[in-house]
Amino acid sequence: MNFKLIDFTLKSLKRRLTKKLSVIFIFSLIVFLLVSVFSISSSIKKELEISVNALPEIIVQKMSGGRQTVIPVDRAYEIATIPGVQNAYDRVWGYYYFVNDNVNFTVVGLDFDLEAYKQKYSDIINLYAEATDTIDAPFMIVGSGVYKMLEDNFYKNFYNFRTVTGEMLETKIVGSFTDVSAMETNDVILMPVNYVRELFDISENYATDIVVRIPNPEEIEIIKQKLNSMFPDSRIVSRLDIEASYQNIFDYKSGLFLALLIVAFVAFFILVYDNASGLSIEDRREIGILKAVGWQVENILQIKFIEGSLISLFSFFLGTGTALFYVYILQAPILRNLFTGASNLKPTFNLIPVINFEILILIFILTVPVYILATVIPSWKSSVIDADEVMR
Amino acid sequence: MIELKSVDKIYSHGEHEEIGVLKNISFSVKENEFSLLTGPSGSGKSTILSIVGGLSKPTNGEVIIDNKSIAKLPDKFSALLRREKIGFIFQKFNLINNLSAIDNITIPLIPTKISKSEIEQRAEKIMTELSIFNKRDVLVEKLSGGEQQRVAIARALVNEPKIILADEPTANLDKKLSLDFIQIIKQLKDAGKTILLASHDPLFTDLDCINNIIKIHLGEIQ
Amino acid sequence: MSVLLTPEVIILFIEDILLFGFNTIAFVIAYRIYKNFNLNSTSNEQYTLEKQTYLASYIIKFSLYLKIISFLFFVFTLDKLSNVIPGAMCGVGVTTASDYGIYLLIFKMLNIYLYGFWLLINNSDMKREDFPFTKIKFKYFLFIYFFFVIELILQSLYFFDINPQELVSCCGTVFNEVSTSAVGRLTQIPNIISVPLFYSLFLLLIFTALKKTVLLNGVLNFVFAIISITTLISFFGTYIYELPTHHCPFCILQSDYFYVGYLLYTLLFVGTFFGIGIAFLKYLIKIPLDYHKISIGFNTAYVVSVSFFPINYYLNNGVWL
Ligand SMILES: Nc1ncnc2c1ncn2[C@@H]1O[C@H](COP(=O)(O)OP(=O)(O)OP(=O)(O)O)[C@@H](O)[C@H]1O
Ligand SMILES: [Mg+2]
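Residues numbered from 1 in each chain as written. Chains lettered and ligands numbered in written order. Predicted model: local features only at pLDDT ≥ 70, side-chain atom pairs only at ≥ 80, totals over all residues. Heavy atoms only, no water.

## Considering the interface of chain A and chain B
- Facing 25 residues of chain A, the contacting portion of chain B comprises 34 residues.
- At the junction of chain A with chain B, the criterion picks out 3 salt bridges.
- For Lys11(A), the salt bridge is made with Asp103(B), and the minimal N-O distance between the two is 3.0 Å.
- Inspection of the region where chain A meets chain B yields 17 residue pairs in polar contact (both at pLDDT 80 or more).
- Per element, the largest residue contribution to the side of chain A that touches chain B is 7 residues, and it comes from helix H11 (residues 281-292) of chain A. (Contact = heavy atoms within 4.5 Å. Salt bridge = Lys/Arg side-chain N within 4 Å of Asp/Glu carboxyl O. Polar contact = N/O pair within 3.5 Å; in protein donor to acceptor, adjacent residues only side chain to side chain. Helix = DSSP H or I, 4+ residues; strand = E, 2+ residues; numbered from the N terminus.)

This is the structure:
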């Protein structure tokens with residue numbers, strides 16, 4: 001490749017940049033959308049992989065009139081005796097509506113003297129053991145998302161919960177924690193279980209739900225059926241059910257998106273074709289001059305090809321760059337609701353940066369050659385302009 | 001160096017409409033000669049130049065440039081011929097407006113294998129000779145008419161051509177600048193170039209450096 | 001059937017449909033040129049045709065580049081689809097998931113050779129002022145176009161024929177048990193015959209290239225390409241995998257083997273491409289091209305690199321597999 005030609009093309013492009021802005025904009029926008037959508041979905045998938053693995057094998061919820069209600073604690077002991085079940089824990093937790101920011105926190109009740117039902121929580125308890133041992137009043141350890149939100153609202157050391165009965169529950173903020181899979185823990189508040197009971201007004205003999213640990217995945221399905229017949233008033237959700245429902249949402253949504261994209265592509269192709277065809281008198285004259293001073297048709301085709309490559313590469317990187325920024329730094333406002341909005345995922349979590357080169361290559365192969373192909377005929381048309389036009 | 005043998009040029013638009021522009025043109029310009037093409041507007045001077053430069057093809061007849069027949073040479077090779085042997089000076093200068101003087105001058109050599117630095121050296125040398133070196137990086141649209149023409153001349157010379165073709169070079173210049181141009185063209189002749197110049201400017205007719213005058217009228221030599 | 005419409009497959013189709021459109025334009029131009037091209041004419045029609053040759057050439061050139069990229073992408077897609085198709089561990093399983101797979105693969109490779117040869121003719125043609133091969137190169141393109149269409153049809157048949165629910169057999173069985181396919185059978189030739197054959201063919205190649213017996217060299221290059229692939233499957237590959245039972249042309253493309261397959265196949269392709277190309281052009285346009293050095297260079301590089309694995313294994317372990 002002749003560097004002087006590239007140099008010349010750059011200069012010539014600089015002069016006509018305004019005409020190319022619309023194409024660069026649309027091209028970048030398409031790349032942006034593609035990269036964003038694929039990144040969000042692969043990021044959420046990653047997130048899910050992590051959190052689904054951390055999910056208990058089975059959750060038992062008591063239902064009443066189609067809505068979830070509290071479940072008697074003694075059922076946990078009953079379940080623990082089923083062969084194949086390693087352990088069954090009753091959980092006390094709930095959502096607390098934080099008016100200031102219009103979000104829900106997940107308040108989880110733990111017995112700070114015992115092992116928690118989740119390894120993660122046990123680790124946190126141990127981490128703050130010294131600080132919490134001596135406290136007698138309500139206290140909490142919060143996820144980093146919660147911490148930030150409270151801080152933004154000037155709650156640095158404590159927060160006043162309003163219990164279900166309307167009383168104030170002044171709670172000390174002992175510390176915060178983060179996690180790779182933020183989706184799971186970002187909005188979590190860990191509190192001693194008795195205070196959570198007070199907050200949500202759940203009495204001693206009841207819990208929110210029961211989680212069941214089953215070491216052998218083969219047995220999950222059988223035990224699920226068993227629980228179903230033991231407790232006809234309950235809903236038994238297994239990890240596989242959750243996994244499948246998430247998977248469906250994503251596959252359906254990326255399919256829909258792809259269909260839209262194909263339509264967008266046709267429009268894009270026409271736009272590029274049109275833009276490259278619209279030769280102004282000035283453009284024609286310029287090509288005529290080049291040919292009159294000894295440029296060959298091939299040379300004109302070369303600079304057009306270089307021009308197409310430069311524009312498409314530039315737009316590709318622009319689109320990719322802004323998309324990665326939008327998804328991972330700005331956390332994809334608006335677009336992510338498309339993915340999470342309809343599902344029962346929690347609203348606050350961070351998209352884990354997973355730069356997936358496969359996706360970038362895929363999008364590259366889809367967009368750049370298509371752009372250059374769309375310019376083939378217009379480039380040729382301008383390359384065969386008669387050189388003697390400059391004599392007239 | 002340049003030889004035309006019974007050249008016709010007929011433009012055809014569609015099936016039936018045919019416009020004969022040149023009829024049976026024959027003449028020759030020997031090496032290091034200066035020939036002048038004159039004739040009224042529309043007589044076909046520019047058409048002859050574009051045929052000599054390979055910008056368009058004759059309908060009939062033979063065109064020989066530096067011992068090579070170009071009447072049926074495909075565009076690809078006539079472009080090469082222009083690049084290697086011919087310097088063109090156009091009536092309207094035909095510069096690319098948003099480029100600097102030096103960038104305009106180097107254009108003919110961009111597709112060649114010659115290195116960028118050598119091209120620029122060559123261009124700068126010619127610019128110095130034409131005393132426009134101080135305008136090296138100025139956009140050509142900001143230059144005066146005379147300066148623009150010097151840039152156009154420099155561009156025609158940068159490929160070190162044997163042949164110079166000029167179409168109405170003084171049409172856009174005032175008297176003084178036209179006389180300057182004549183000085184330049186004299187120097188080119190002294191440097192050994194073969195020159196074919198089309199003009200109806202009377203300034204040229206009685207120049208002593210002109211070897212022969214070809215008068216065209218309505219597409220024919222008189 | 002619809003499950004296989006993954007983004008990769010959709011992209012392959014989008015690209016091919018576009019290429020098909022453009023190649024059809026080139027086909028129409030090629031036909032006109034083949035019928036009416038005459039450099040001696042000064043008619044407007046000839047002038048238009050001369051201009052159109054540039055469009056057709058540009059399209060064909062671009063198609064070649066895009067075809068090479070999309071071929072790599074295709075191989076990559078096959079590898080990726082092996083996650084979706086039960087039983088498939090690599091591209092072999094995906095290829096055999098439909099009867100059309102192997103033919104599709106062959107046609108894809110063949111077409112890259114054919115488009116490449118077109119470019120060789122074009123290069124010689126554009127160097128001469130009388131464009132002596134313009135008619136013949138476009139006549140040849142008329143023929144390439146049909147191969148391209150066949151490839152497209154095969155590709156559609158292939159992707160719609162795959163049933164993602166059906167268990168396929170992969171490299172483990174395809175090249176080991178008594179195989180019915182032609183390629184499978186070729187790999188059954190015992191190594192004691194095929195490996196010496198491979199090396200003697202290579203020596204013959206060098207000999208004929210030095211002697212410039214062009215046609216014979218071309219034919220030998222073609223045979224060499226086939227033998228190279230079969231011995232790669234039956235012999236050399238096992239040393240790359242360091243497992244005597246692993247016979248596979250695809251797994252070497254995976255990261256586990258440092259993508260060495262891409263290097264090997266590129267060397268083999270370039271070497272045989274020029275070898276066959278010289279003979280092909282000599283036959284088609286009677287022009288002797290001197291690409292022998294490139295051909296010998298790349299073929300030698302292939303033989304050296306592929307021989308490295310068994311020798312290295314022997315030096316390290318003191319035994320052959
Ligand atoms: N593409 C074309 N189609 C038809 N007629 C043309 C075409 N180009 C030029 N002509 C005609 O050919 C004739 C000669 O034109 P040409 O430009 O050679 O004249 P000229 O002698 O250079 O005139 P001037 O002194 O005005 O520059 C004119 O009558 C013009 O109208
Ligand atoms: Mg004129």
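## Regarding the domain arrangement of chain A
- Taken domain by domain, chain A consists of domain 1 (3-51 + 245-391) and domain 2 (58-213).
- Relative placement of domain 1 of chain A and domain 2 of chain A: their C-alpha centres are 47 Å apart. (Domains from an automatic or database assignment.)

## Some words on the pattern of salt bridges
All names here are of chain A.
- For the structure on display, the rule yields 35 salt bridges over all chains.
- Between aspartate 209 and arginine 91 there is a salt bridge; the shortest N-O distance is 2.9 Å. Here aspartate 209 is found in strand S11 (residues 209-213), whereas its partner arginine 91 is found in strand S4 (residues 87-98), with 118 residues between them in sequence.
- Arginine 91 gets classed as buried once you look at its relative accessible area, which sits at 11%. (Buried < 20%, exposed > 50% of the residue type's maximum accessible area, 1.4 Å probe, protein only.)

## Focus: unusual backbone geometry
- The phi torsion at Asn67(B) lies on the positive side, around 65°, for a residue other than glycine.
- Mapped onto the fold, Asn67(B) is located in the loop between strand S4 (60-65) and strand S5 (68-69).
- Taking the relative accessible area as the measure of exposure, Asn67(B) reaches 75% and is therefore exposed.
- Although it is not a glycine, Lys212(C) adopts a positive phi angle of roughly 60°.
- Inspection of the secondary structure assignment puts Lys212(C) in the loop between helix H8 (191-211) and helix H9 (214-241).
- You can call Lys212(C) partly exposed: its relative accessible area is 47%.

## Considerations on the environment of Val270(C)
Residues and elements named next belong to chain C.
- The topology assignment puts valine 270 in helix H10 (residues 260-285).
- Along the primary structure valine 270 and asparagine 299 are separated by 29 residues, whereas in three dimensions their C-alpha atoms are 7.9 Å apart.
- Leaving out residues up to four positions away in the same chain, valine 270 has contacts with Ile294 and Phe298.

## Regarding the interface of chain C and chain A
- Between chain C and chain A, the contact holds 23 residues from the first and 22 residues from the second.
- Applying the counting rule to chain C against chain A returns 1 salt bridge.
- At the junction of chain C with chain A, the criterion picks out 4 residue pairs in polar contact (both at pLDDT 80 or more).
- Listing elements by their share of the side of chain C that touches chain A, those giving two or more residues are helix H1 (7-36) and helix H2 (44-81) of chain C.
- Of the residues in the side of chain C that touches chain A, the class split is 18 nonpolar, 1 polar and 4 charged. (Nonpolar A, V, L, I, M, F, W, Y, C, P; charged D, E, K, R; others polar.)

## Describing the domain arrangement of chain C
Residue and element names in this part refer to chain C.
- With domains assigned, chain C is organised as domain 1 (3-161) and domain 2 (171-317).
- Each of domain 1 and domain 2 was reduced to a C-alpha centroid, and the two centroids are 24 Å apart.
- Counting every contact that joins domain 1 to domain 2 gives 0 salt bridges.
- Put simply, the parts of the chain that give the side of domain 1 that touches domain 2 at least two residues each are H2, helix H3 (91-95), helix H4 (101-127) and helix H5 (134-161).
- In terms of residue class, the side of domain 1 that touches domain 2 is built from 16 nonpolar, 5 polar and 2 charged.

## A closer look at the packing of H2(C) against H4(C)
All names here are of chain C.
- It is the contact of H2 with H4, at a shortest axis distance of 10 Å, that shows an interaxial angle of 150°. Overall, the two elements H2 and H4 adopt an arrangement that is roughly antiparallel. Every pair of crossing elements has a handedness; the one defined by H2 and H4 is left-handed. Note on element contacts: H4 touches H2 through Leu104, Leu105, Lys108, Met109, Asn111, Ile112, Tyr115, Gly116, Trp118, Leu119, Asn122 and Met126, opposite Tyr54, Ser57, Ile60, Lys61, Ser63, Leu64, Tyr65, Lys67, Ile68, Phe71, Phe74 and Leu78.
- Across the contact of H2 with H4, the residue classes break down as 16 nonpolar, 5 polar and 3 charged. (Axes fitted to C-alpha atoms, helices over the stretch in contact; angles between N-to-C directions. Parallel < 35°, antiparallel > 145°, perpendicular 65-115°, else oblique. Left-handed = near helix turned anticlockwise from the far one by under 90°.)

## What to know about a nonpolar patch on the surface
- Residues Ile102(C), Tyr103(C), Ile106(C) and Met109(C) make up a contiguous nonpolar surface patch of about 330 Å² in total accessible area.
- Tracing the sequence through the fold places Ile102(C) in helix H4. (Patch = residues over 30% accessible without salt bridge, like charges linked within 9 Å, V, L, I, M, F, W, Y side chains within 5 Å. Areas by Shrake-Rupley, 256 points an atom, 1.4 Å probe, with all protein chains shown as cover.)

## Quick word on the confidence of the model for chain A
All names here are of chain A.
- Averaged over chain A, the pLDDT score is 83; the fraction of residues at 70 or greater is 91%.
- Taken element by element, the predicted model of chain A shows its lowest mean pLDDT in helix H7 (residues 182-185) (58) and its highest in helix H12 (residues 297-329) (93).
- The model gives residues 341-348 a pLDDT under 50, and that stretch makes 20 contacts with residues more than four places away or in other chains. (pLDDT = per-residue confidence, 0-100.)

## Comments concerning the site of ligand 1
- Around ligand 1 lies a shell of 15 residues, among which Ser41(B), Gly42(B), Lys45(B), Ser46(B) and Thr47(B) are the nearest.
- Nearby residues around ligand 1 are contributed by chains A and B.
- Within the side chain of Lys45(B), one N or O atom sits 2.8 Å away from an oxygen atom of ligand 1.
- Contact between ligand 1 and Glu168(B): an oxygen atom at 3.2 Å from a side-chain N or O atom of the residue. (Near = heavy atom within 4 Å.)

## Focus on the sheet that holds strand S3 (residues 34-38) of chain B
Residues and elements named next belong to chain B.
- Ordered by their spatial adjacency, 6 strands build an open sheet running S6-S7-S8-S3-S9-S10, and the pairing between neighbours is mixed. In the strand order of this sheet, the two ends are held by strand S6 (86-89) and strand S10 (220-221), each with one partner.
- Two elements, strand S7 (residues 163-167) and strand S8 (residues 194-198), share 5 bridges in a ladder whose sense is parallel. For alanine 166, the partnering residue across the bridge sits in S8 and is leucine 197.
- Relative to S8, helix H6 (residues 175-190) is tilted by about 150°, and along the sheet it contacts S3, S6, S7 and S8. (Pairing = 2+ DSSP bridges.)

## Quick word on the packing of aromatic side chains
- A full pass over the atoms with the stated rule returns 55 aromatic pairs over all chains.
- Summarising the aromatic geometry, the rings of Tyr241(C) and Tyr257(C) are spaced 4.8 Å apart at their centres and angled 75° between planes, so their arrangement reads as edge-to-face. Note that Tyr241(C) is positioned in helix H9 and Tyr257(C) in the loop between H9 and H10, a separation of 16 residues in sequence.
- Looking at Tyr241(C), the relative accessible area reads 8%, which means it is buried.
- Linked through ring pairs, Phe107(C), Tyr113(C), Phe117(C), Tyr140(C), Phe143(C), Phe147(C), Phe269(C), Phe273(C), Phe274(C), Phe280(C) and Tyr291(C) together constitute an aromatic cluster.
- Over the ring of Phe77(B) we find Lys76(B), and its NZ or CZ is 5.8 Å from the ring centre.
- For Lys108(C), the ring lying beneath its charged end belongs to Phe74(C), and the centroid distance is 4.8 Å. (Phe/Tyr/Trp six-rings, centres within 6.5 Å; stacked < 30°, edge-to-face > 60°. Lys NZ or Arg CZ within 6 Å of the ring centre and 35° of its normal.)

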